[in-house]
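Report on the structure
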Amino acid sequence: MRSGKTFLLLLTIVLLTAACSSPAKQSGEREMEVFIEELISKMTLEEKVGQMTLFAGHMDQTGAMVRADFEEDIQLGQVGAIFNVYGEKNIRKLQEMAVNNTRLRIPLLFGLDVIHGYRTIFPVPLAEAASWDPEMIEKSARVAAQEASAEGLNWTFAPMTDISRDPRWGRIVEGAGEDPFLASLIARARVRGFQGEDLRDATTIAACVKHFAAYGAPQAGREYHSVDMSERMLREVYLPPYKAAVDEGALTVMTAFNDLNGIPATASRFLLTDILRNEWGFKGFVVTDYTSILELIPHGVASGELDASEISVKAGVDMDMQAGYFQSALAHLVKLGAVDEMTIDEAVRRILRVKYQLGLFEDPFRYCSPEREQNDVMTPENLEAAREMARKSMVLLKNENDLLPLSKSIKTIAVIGPLADSQKDMLGSWAATGDWTKAVTLLEGLKAKYPETTIIYSMGCTIDGDSKALFAEAVSAAKRSDVVILALGEAAWMSGEAASRTDLGLPGVQQELAEEIHKTGKPAAVVLLNGRPLTISWLNDNIPAILEAWFPGTMGGHAVADVLAGDYNPSGKLPVTFPRNAGQIPIFYSARNTGRPFNPDSKYTSHYLDSPNDPLYVFGYGLSYTSFEYGEIKLSQDKFTGSENIEITINVSNMGKFDGEEVVQLYLHDPLASVARPVRELKAFRKLLIPSGQSREVTFNLSADDLAFYRLDMTFGPEKGEYRVFVGGNSLADKAVSFWFE
Ligand code: NOJ
């Protein structure tokens, strides 16, 4: 009976795959399915459940494995994957246990949070998003995959594709910002970077899209808090980046900690089965976040271990991270008849497919190479790529009277501030195995860049302490200098997981330090190192130049110096709005107009009594050492039916003395629709280098799909009528024309 069912299922899979892929791919897939079905037919129920179990190890600072209490489980075939263990020797040892000591010799997956680099640390993901350069972001993920796989890993828990419009939430640092269009392109780039073109290539690793879904919208910005949002908002804004990553071929998906409209993501059939598998056709496996199955109990939807395991496996979870619940409950549930063994078989099938696709059955030690471990990490090329990515990530927020770039012949620079020489804070959160002692600080970067200049350093204060004891020394350093570089911001630990904040000002007495330096009258440029938008109105009102450098990674200090000295002309643009104050949050550019848009002459319009509505810096904003002028928008036609594309062309001129890159951005607005539409939505952009004094013509193509949205009846498509198009260098772009969709 059982083998009959298996045969039917196999036949369906074979027919389905045959219908939609090339002959070579078809035969490869057929072989894989046959192999897996055969393997499953030999597995005991306990061995199947073992594949659905993921446990964490623990390493010390020397790279030694100090806790591996799962070794016995591995040898019993009761574990399918391990994470937080790295290093060729450690991984080889555990893999040997799995393939030499177990009955069926099924290799393990080895995962880690390789988020923005492995040993060579790149800028934090939000910073990378500010580059608006998907190609460079792909390269960054590629380098991370090469380094991680050189030390035995074959799976990363990245990319995080959670949209966030709430900078109180510390994990905003780990995403690509507030906009679904930009974040979707970046999600795809990261998946391509990690997984490459050939999964069996030993330098590629499996990606894991997380956290499914809507983890970036917790109530009041508080970590792990509930998410309550309309299905329209979910589908239009929050889901697209996950879908983009799935469409790009991401092999795995991680559930989110939060509940969505009352249903924890780990228990949500709507998310994990209806949307992910049935609507999007996801073929890989779903892993929970850390102990999420266990957390169904405090969420209040499961009474205990059995209940939590049953709910989550039926919702569509395939692998349990660290709760150990599947391991102890699933076989029992099958024996009780509460869970069908076919559900277990399907989960195991999905997991084994990923192992097969990575080539682990062919060679379980494919990712274990002592030579690669020796030679492939922190290479000069990788360090150079990290430096390039960091330069491209920086956003020039202000540059009054062209204070920057700083001349190379400057005599004395005062480098002041708690982030100026803080190696530990250069890497930011989730720095994998990055070694902060190898990070280049801003002070070191400037010393290397300006060998002839006298550089006076003063810390001024700590990041979050309240002592002003060092202020006098800092002021004296400023007075003795020609220019001050003030390095301010957050400590690395202040963003990332479990790092929500309610006050987004500079921590501690940093602003007071800036006020003291300002009083000296010396020209000062602030370099911000931080993982989220900060509320920095005072700096913006008083300090002539501000460079947002985020947490720039191992080569950060050199990259900041490259920008300050003008060896690289800044080209980053904000992927997220910077509010004036935390009371404005959530604040994002693609809001709706309301029925009473703000009118300063009328009290009963949408506004605050104590704050302007607009943010400090808008989405898409960022300056350059040069300036760009936009011509008028030209349309290929002002009416279109969707059977053809509409072409939108604009001329952009570099009017300044420096060559520079501009991110030309195109936004759309549908002024009259069955559902109120956002005032603007990013639909296309192009980053291009324009030499000083030259112009470039940029043409965008839009199709009817670019006009589509969830209409009144929740069908997805465009509506007829006028569309307004805006093109410019940020989301306030003022060149505008209309066209009609008929
Ligand atoms: C919890 C985090 O939410 C998730 O992003 C991460 O991948 C896991 N821990 C594993 O470290």
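Residues numbered from 1 in each chain as written. Predicted model: local features only at pLDDT ≥ 70, side-chain atom pairs only at ≥ 80, totals over all residues. Heavy atoms only, no water.

**Thoughts on the overall build of the protein**
- Scanning the protein from terminus to terminus reveals 21 helices and 29 strands.
- In summary, the protein has a C-alpha radius of gyration of 27 Å against a globular reference of 27 Å for 742 residues, a match within 12%.
- For the protein, the spread of C-alpha atoms along the three principal axes comes to 85 × 65 × 50 Å.
- Residues classed as buried in the protein amount to 61% of the 742 residues present.
- Partitioning the contacts of the protein with sequence separation of at least 6, the portion at a separation of at least 24 is 78%.
- Counting every atom, the protein has about 27900 Å² of accessible surface; 51% of that belongs to carbon and sulfur.
- Charge centroids of the protein, computed over 73 positive and 99 negative side chains, lie 1 Å from each other. (Helix = DSSP H or I, 4+ residues; strand = E, 2+ residues; numbered from the N terminus. Rg over C-alpha atoms; globule rule 2.2 N^0.38 Å. Buried < 20%, exposed > 50% of the residue type's maximum accessible area, 1.4 Å probe, protein only. Contact = heavy atoms within 4.5 Å. Areas by Shrake-Rupley, 256 points an atom, 1.4 Å probe, with all protein chains shown as cover. Lys, Arg positive; Asp, Glu negative; His and termini not counted. Charge placed at Lys NZ, Arg CZ, Asp CG, Glu CD.)

**What to know about the nonpolar core**
- One finds W155, F212, L397, I416 and L539 to be the most contacted residues of the largest nonpolar core, which totals 193 residues.
- Formed by 32 residues, the second largest nonpolar core is a distinct cluster that contains A68, Y118, A141 and A207. (Core = buried A, V, L, I, M, F, W, Y, C linked by side-chain atoms within 4.5 Å.)

**Brief notes about the pairing of strand β18 (residues 545–548)**
- Burial along β18 is two-sided: the face carrying A545 and L547 and the face carrying I546 and E548 are both buried.
- Taken together, the four bridges between strand β13 (residues 395–399) and β18 define a ladder with antiparallel strand orientation. Within β18, the position partnered with K398 by the bridge is I546.
- Where strand β17 (residues 524–529) and β18 come together, four bridges link them in parallel fashion. (Pairing = 2+ DSSP bridges.)

**Examining the site of the ligand**
- Near the ligand the following residues occur: F83, D113, F157, R171, K210, H211, M254, F257, D289, Y290, M321 and E497.
- One of the side-chain N or O atoms of D113 is found 2.5 Å from an oxygen atom in the ligand.
- One of the side-chain nitrogen or oxygen atoms of K210 is found 2.8 Å away from an oxygen atom of the ligand.
- In isolation the ligand offers 300 Å² of accessible surface; the protein chains occlude 95% of this area.
- Across the shell around the ligand, the residue classes tally to six nonpolar, one polar and five charged. (Near = heavy atom within 4 Å. Polar contact = N/O pair within 3.5 Å; in protein donor to acceptor, adjacent residues only side chain to side chain. Nonpolar A, V, L, I, M, F, W, Y, C, P; charged D, E, K, R; others polar.)

**Digging into the sheet that holds strand β21 (residues 639–640)**
- The strand order β21-β29-β28-β23-β24 describes an open sheet built from five strands, whose pairing is mixed. Looking at strand neighbours, the two that pair on one side only are β21 and β24 (681–690), the edges of this open sheet.
- Inspection of the sheet shows β21 paired to strand β29 (residues 735–741) by two bridges, in the parallel sense. Its bridge partner lying in β29, F640 is registered against F741.

**Concerning the confidence of the model for the protein**
- Looking at the protein, the pLDDT average stands at 96 and 97% of residues meet or exceed 70.
- Here residues 1–20 is modelled with pLDDT under 50, and outside its nearest four sequence neighbours on either side it reaches 16 contacts, counting other chains as well. (pLDDT = per-residue confidence, 0-100.)

**Examining the packing of helix α16 (residues 380–393) against helix α21 (residues 556–564)**
- It is the contact of α16 with α21, at a shortest axis distance of 8 Å, that shows an interaxial angle of 50°. In terms of their interaxial angle, α16 and α21 are classed as oblique. At the point where α16 passes α21, the crossing takes the right-handed sense. Here α16 contributes R387, A390 and R391 to the contact with α21, which in turn contributes H558, A559, D562 and V563.
- Tallied by class, residues from the contact of α16 with α21 come to three nonpolar, one polar and three charged. (Axes fitted to C-alpha atoms, helices over the stretch in contact; angles between N-to-C directions. Parallel < 35°, antiparallel > 145°, perpendicular 65-115°, else oblique. Left-handed = near helix turned anticlockwise from the far one by under 90°.)

**Here we look at the pattern of salt bridges**
- Scanning the model with the defined rule gives 50 salt bridges in all.
- Note that D376 is salt-bridged to R372, the shortest N-O span being 2.9 Å.
- Taking the relative accessible area as the measure of exposure, R372 reaches 14% and is therefore buried.
- Between D567 and K449 there is a salt bridge; the shortest N-O distance is 2.7 Å. Placement of D567 in the loop between α21 and β19 (628–630) and of K449 in helix α17 (residues 442–449) is noted, with a sequence separation of 118 residues between them.
- The exposure class assigned to D567 is partly exposed, which follows from its relative accessible area of 45%.
- K449 gets classed as buried once you look at its relative accessible area, which sits at 17%.
- Counted as one network, the salt bridges with shared partners bring together E384, R387, R391, K408, K449, D562 and D567. (Salt bridge = Lys/Arg side-chain N within 4 Å of Asp/Glu carboxyl O.)

**Considering unusual backbone geometry**
- Residue A213 is reached from F212 by a cis peptide bond, and omega for that bond is 10°.
- Note that A213 resides in the loop between β7 (208–212) and α9 (231–247).
- Cis rather than trans, the peptide bond between I585 and P586 has omega equal to 0°.
- Here P586 is to be found in the loop between α21 and β19.
- The backbone of W132 shows a phi angle near 50°, a positive value even though the residue is not glycine.
- Judged by relative accessible area, which is 1%, W132 ranks as buried.

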